[in-house]
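Here's the letter readout for the chains.
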Amino acid sequence: MERLVSATVGLLLLSACAPPAAYFGKIEPPEGAVLRVGNGADPASLDPHRAPGSVEEQILINLFEGLTEYDPVTLEPIPAVAEAWEMDARATRFRFHLRRAARWSNGRPVTAWDFVYSWRRALAPETASPNAYLLYYIKNAEAYNTGKLKVRDRRTGRFLTDEFGRDLLLTAEEVDRIRRGEGSDAGPRLQQLRRHLEGFVWEAVSLSAEDIGVRALDEHTLEVETEVPTAFFLKLTSLGVYRPVPREAVERHGRAWTRPEHMVSNGPFRLVEFEPGRRVVLEKNPLYWDAARVRLERVIFYPYSEATTLLNLYKAGEVDVLVSGLLPPYALRLLRRTRDYISGPYLLSYFLLVNVRRRPLSDGRVRRALALAIDRERLCQRLLAAGQQPLGAFTPSDFHGLYPRPKGVTYDPERARRLLAAAGYPEGRGLRLRYLYNAGALHAQIAEALQAEWRRVFPQIHIELIAQEWQVYLETVRLGDFDLARRSFSADFSDPTSFLDSMLSTSPNNPTGWGDPDYDRLVQQANAEPDVPRRMALLARAERVLLEDMPIIPIYSSVASFLRKPYVRGWHANILDRHPLKFVVVERTAPAFDLQAITPER
Amino acid sequence: MGRYILKRLLFALPLLWLVLTLTFFLVRWAPGKPFRRERAVPAEIEAHLDRHYGLDQPWPVQYANYLRGLARLDFGPSYRYPEVTVREILWRGFRVSAPIGFVAYALALGVGVPLGVGAALRPRAVWVRALMGVAVLGVSTPNFVLGPLLVLLFSLTLYWVPPAGWGEGRHLVLPVLTLSAAYIAYIARLTQSGLQQALAQDYLRTARAKGLRPRAVLLRHALRPALLPVLSFTGPSLAFLLAGTVVIEKIFAIPGLGHFFVQAALNRDYTLILGIVSLTSVLLIVLNLVADIAMARLDPRITLR
C-alpha cells in the first residue's frame, strides 16, 4: 500500500514537473535491455574459486549459480540450483535436492557431482584459492586444504577432538615433534597437545579430497556434512567460492577456461567479452532454467576506479548504476539531495587495530582511554557525509534483531582522562603513539580528526600520523609494526561470526598481538551451537570480552551508498552490496520508473 | 649507415638487460605481494598462492626462469590477472595508447609547425600573437586541469562527446585534444626559433640573390634546418606518447599502457611491470634511433658513425 502511494505521488511529481530536476544528469534508458554498471576495478579472475573479492563476486554470481542465491533485498538464501533442502536437528548434515531443469550453457545438466567436483577443486592446494577458508566449515575441508593431519584413536577408530567437539588438527611438524617426545621447551601449544594425547594409542591421518564431507547420493541429491554443527551453513552456499565450475572446460583448457571462448557457465548470464581495463560483457544465457524470468539481455561492467570519472559517466548517461563505495567524498553532500542517491546499512566496520605487544598500549587502561575520548557522533556528522553511523562495538549490525549486540564504548572524556592519568599519563603527558594508515583522502581526514579528538581530551598527547602506500601499509600491519592502525573489515556473509572470527588469537587478520582464551572459547563454542538464540548469546558474550579488553577501537559502521538511474529497477541497497542481476530490470517508459529512489535527508 | 644502426642496436641490448634486471629486483624488493588484499588469508593458503605464482623460490631462480622465458619473448602470465598473459595486455594496451599518441602528435605537428612558421615570419601580426598566447596557455595548463575542463564543457554541459571510456571514435576527441595542447605550443616555439635563426643565415641571402622564389627559399632552404630541433624532440616525445600517458588514461578511463603501468605498480604485478618497462625501453631506443637517422638525412652536416 505504502509502495502504491509513493509510486502515485512520484508519478504525479513526474508529470507535474517533467523532466524531474531532482535527478543527477541525463535520464535516458540505453537502447535495448542493457545495464551498464560501474564496478570499480578489473576482476582479477573470473574463476569462482580463484576470484579474491567483491569486485569479482559482483560479476561471478551472475555467471555461476550456486545451490542457493541471494535474495536481492535481504540476501537470505533462496532456491537456485537446489529447489529444496533440509538439515538435521544438530545442524551437521544438510541435504540439497537439485532442480532437474538446471543446465550448463553447453546443454549438459547440472548434477550433484558438479558440486562434489567443484568443492574438491576449490579446496585442492594446487588451486590456490584465496577463499578456500570459507569452505572450512565442511567436514575435513580444512585438513585437506592445509595438509594438516587429524588424530585417530587406534582402539576405537574415532578421531580425537578438542574441548569444543572439533577434530584435532596437527601440522606434520607438530606430529613429528610429539613423536620425538620433545621436552618442555616445546611451546605451550605442543605441551597442551601432548597432555591431550596422553593415554591414547593414536595415529596421525592425512585427509584426501574423497574425505571431504560432500557426497552425491544420486544425480540430483547432494549431502553435506559439516565439521561441527553449523547453523548458518545456508548463508554460505550463495558465496562465490561455493558455486560450481564446469569440469569439462576446466580440464580441457586449464587456466584459460575462463576466457569468453572457453567458458561454460550455469547462471542466468554467460560471458561474451573480457577486456582488462575496458569492460566485461555478459549476455543472457538462453539455456538457464529460469531464463523466462531474466529481463536483461546484456550487462556491461566498467572497471573504472577514478571516482570523478565514474560520476561524469553517470551524469552523462553512459552508466546506469554504480556499485557501493565509488562516490567521490567531496560530492556526497550534493549527491545526497538527488533522487539517484540510494543508501542503506552495510556490513563494514571501520576501526583501529591496537598493538597490545607494545608499551604503553599493553596497558588496557590506555586503550580504553583512547577509545572513550573519541566523539564518534561529531566525527560522523562532520566528516562522513554518506550517513555512516557511530560504532561502539566491533560488529556493525544487530542482524535484524537476532543478535544481542553489546553497546560497546561511548564518548566519555571524563572517564578517559581519569583512566589515562591512572595509567601514568595525566593529560596525555609522555604518551607518544604512531598512527598508521594507507594514503587516501578519507583515511587521512579521519586520522587528522582522531588526532584532534585525542588532543581535545588529552592536550599533551603526541600522535604521529604515518601514511603509507597500500601494499606497504598491508605489509607493515602484517608485521605488527604500528601502535595504532586504521582498518576496515567487511563481512563475507551476514553473521556476526564473519567479524568475530577475525579476532581469534589464531586469525591472520589479528595482527594486534591480542589473544584471549575466553574469547576463543566462546566463539568456538558458539559456532558449534545448533540453537540460534543460544549461539547468538554466546557470540555476544565473546564480543563483550573483546570490547572489555579493547585490542580494537571501533569508529563507525559504513553504509552502502550509490547512484542508480530511475529506470533501473530491482537493484537494492543491501548489507553485503550484492546484486543478482536476474532480478534487475531496465524500464523503457517513464511511468514504470522506480521513483522510490528518495532517501530522506538525515 | 648500416654499420651505425647495427652498432646502436648492439649497445641497446646490454642497456635493456640492465633496465630489466634492476626492475626485476626492485619490484621484488618493494614491500607487498601481487595477491595481498586487506583481508589476510590463513598462512597455509598464502603458501599455496606463493607456490602457485612461483614466488616460493629464491630470487635468483625466479630471475633465471624469467630470463629464460624472455628469450622466447614470453613475459609469462600477469600475476594480477592470472588468466591473461602479459603479452596480451601489452598488445591490447599498445593498440589503445598508440592511436591516441599518434593522432595527438600529428595534430600537434599539424597545428604547431604552421603556427611557428607564422610566428617567425610575422611576429607582430595580431592573429599570430593571439594564437601563440593560446598555445602558451596550453603548455602551461597541466593536463589534469585541462582534461576535466574540457569534460565539463563538452560532455557535461553540451553533451557532445562522452566524458570517458574507450571503443568508438567519439572517445578519442577529448583525450587527443588534452594531450596535444601541450605539444602544440612546444612545437610552435621550436619551429619559430629554428626558423628565425635559419632566416638570418648567409646561405639564405645567397638563395634569394640567385633569384629563387621566396616560397622555395622558405620551404627548401629555411624550413629544413629549422625543423631539425622539432625532429629531435619528436623521437622521445613520440616514444612516451605511444607508451601511454598515465594521467590522461586515468582521467578518461582509457585501457592503455599507462593505465596498466600504474595498476601493475600498485598491485605489485611483477610480470606486467617488467613487460611494460621493456616495451617502453624498446620504443624509446628505437624511436631515438629513427630520429637520429632522419636528422642525418635532412641535415647534410651530420654524418652517423
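Residues numbered from 1 in each chain as written. Chains lettered and ligands numbered in written order. Predicted model: local features only at pLDDT ≥ 70, side-chain atom pairs only at ≥ 80, totals over all residues. Heavy atoms only, no water.

A. Just the packing of aromatic side chains, in detail. Residue and element names in this part refer to chain A. The full count for this structure, using the stated rule, is 32 aromatic pairs over all chains. Aromatic side chains phenylalanine 64 and tryptophan 257 sit 5.9 Å apart centroid to centroid with 65° between the ring planes, which places their arrangement in the edge-to-face category. With phenylalanine 64 in the loop between α2 (54-63) and β2 (68-70) and tryptophan 257 in the loop between α8 (247-253) and β11 (269-275), this pair connects stretches of sequence that are 193 residues apart. Both residues of the pair, phenylalanine 64 and tryptophan 257, belong to the buried class. (Phe/Tyr/Trp six-rings, centres within 6.5 Å; stacked < 30°, edge-to-face > 60°. Helix = DSSP H or I, 4+ residues; strand = E, 2+ residues; numbered from the N terminus. Buried < 20%, exposed > 50% of the residue type's maximum accessible area, 1.4 Å probe, protein only.)

B. Expanded view of unusual backbone geometry. All names here are of chain A. Proline 360 follows arginine 359 through a cis peptide bond whose omega is 0°. Here proline 360 lies in the loop between β15 (341-354) and α11 (364-372). Even without glycine at this site, phenylalanine 399 takes up a positive phi of about 50°. Counting through the fold element by element, phenylalanine 399 comes out in the loop between β16 (389-390) and α13 (413-422). In this structure phenylalanine 399 comes out as buried when scored by relative accessible area, which is 5%. Positive phi, close to 60°, is recorded for glutamate 427, a residue that is not glycine. Overall, glutamate 427 belongs to the partly exposed group, its relative accessible area being 37%.

C. View of the sheet that holds strand β8 (residues 202-206) of chain A. All names here are of chain A. Strand order in this open sheet of three strands is β7-β6-β8, and the pairing throughout is antiparallel. In this open sheet, the two edge strands, each paired with only one partner strand, are β7 (169-170) and β8. Direction of pairing for strand β6 (residues 149-153) relative to β7: antiparallel, over a ladder of two bridges. Counterpart to lysine 150 in the pairing with β7 is leucine 169. The strands that helix α5 (residues 172-179) touches are β6, β7 and β8; relative to β8, the one it contacts most, it runs at about 160°. (Pairing = 2+ DSSP bridges. Contact = heavy atoms within 4.5 Å. Axes fitted to C-alpha atoms, helices over the stretch in contact; angles between N-to-C directions.)

D. Structural view of the interface of chain A and chain B. Listed as interface residues are 56 residues of chain A and, on the opposing side, 45 residues of chain B. Buried area between chain A and chain B, both sides added, is near 4400 Å², and the carbon and sulfur share of it is 53%. A salt bridge links A:Glu469 to B:Arg268, with the nearest nitrogen and oxygen atoms 2.7 Å apart. At the level of elements, α4 (141-146), β11, α9 (307-315), α15 (470-478) and β19 (484-490) of chain A are the ones that each hand at least two residues to the side of chain A that touches chain B. At seven residues, α15(A) tops the list of elements feeding residues into the side of chain A that touches chain B. Residue composition of the side of chain A that touches chain B, by class: 22 nonpolar, 14 polar and 20 charged. (Buried area = accessible area lost by both parts, 1.4 Å probe. Salt bridge = Lys/Arg side-chain N within 4 Å of Asp/Glu carboxyl O. Nonpolar A, V, L, I, M, F, W, Y, C, P; charged D, E, K, R; others polar.)

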